[in-house]
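Remarks on the overall topology
The residues making up each chain are set out below.
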Amino acid sequence: MPTRYGSRRADSAKGNKGPQGFANVRDGKYDTNSPDGKGIAGGPTVIRLTGFSAPGGKLICEYEYQVDLPAQNGTLKVEAPGKGNAKQPANKEI
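Residues numbered from 1 in each chain as written. Predicted model: local features only at pLDDT ≥ 70, side-chain atom pairs only at ≥ 80, totals over all residues. Heavy atoms only, no water.

Considering the overall build of the protein
Operational definition: Where helices and strands are cited, they refer to DSSP runs of H or I of at least four residues and of E of at least two residues respectively, numbered from the N terminus. We call two residues in contact when some of their heavy atoms are within 4.5 Å. The protein chains shown are the only cover counted for residues, whose accessible areas, like all others here, come from Shrake-Rupley with a 1.4 Å probe.
Helix and strand counts for the protein stand at zero helices and four strands. If you list the helices and strands of the protein from N to C, you get β-β-β-β. For the protein, the proportion of contacts with a sequence separation of at least 24, taken over those separated by at least 6, is 43%. Of the roughly 5900 Å² of accessible surface on the protein, 47% is carried by carbon and sulfur atoms.

Things to note about the pairing of strand β3 (residues 43–52)
Which entries qualify depends on this criterion: Residue burial is assigned from relative accessible area. The probe radius is 1.4 Å, only protein chains are included, and a residue is buried under 20% of its type maximum, exposed over 50%, and partly exposed in between. In this analysis, strands are considered paired if DSSP registers two or more bridges between them.
Burial runs high along β3: seven of the ten residues are buried. Across ten bridges, β3 lies against strand β4 (residues 59–69) in antiparallel orientation. Paired with Leu-49 across the two strands is Tyr-63, which belongs to β4. Count of turn residues in the β3/β4 antiparallel hairpin: six residues, of which Gly-56 carries a positive phi of about 75 degrees.

See the structure below:
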């Protein structure tokens, strides 16, 4: 399910002591390097995606899963599954 607006948060997991990351989703894209974003250090991470119908609009999805992210810069495509699908990333690009 494409998410046009919302937020993407990354929390440390499984003993990872790295910082929490954050990015707003705008037009279906997010960047933790944006002025209102914050990157992470890598390692075991819980990704939380909260999607809205429009900026400040109706909540349309909440999605959470765990992933082990590399320490170097990379790209992670996060897509919330449609109803009835397993909670895991649809496509991971790192």
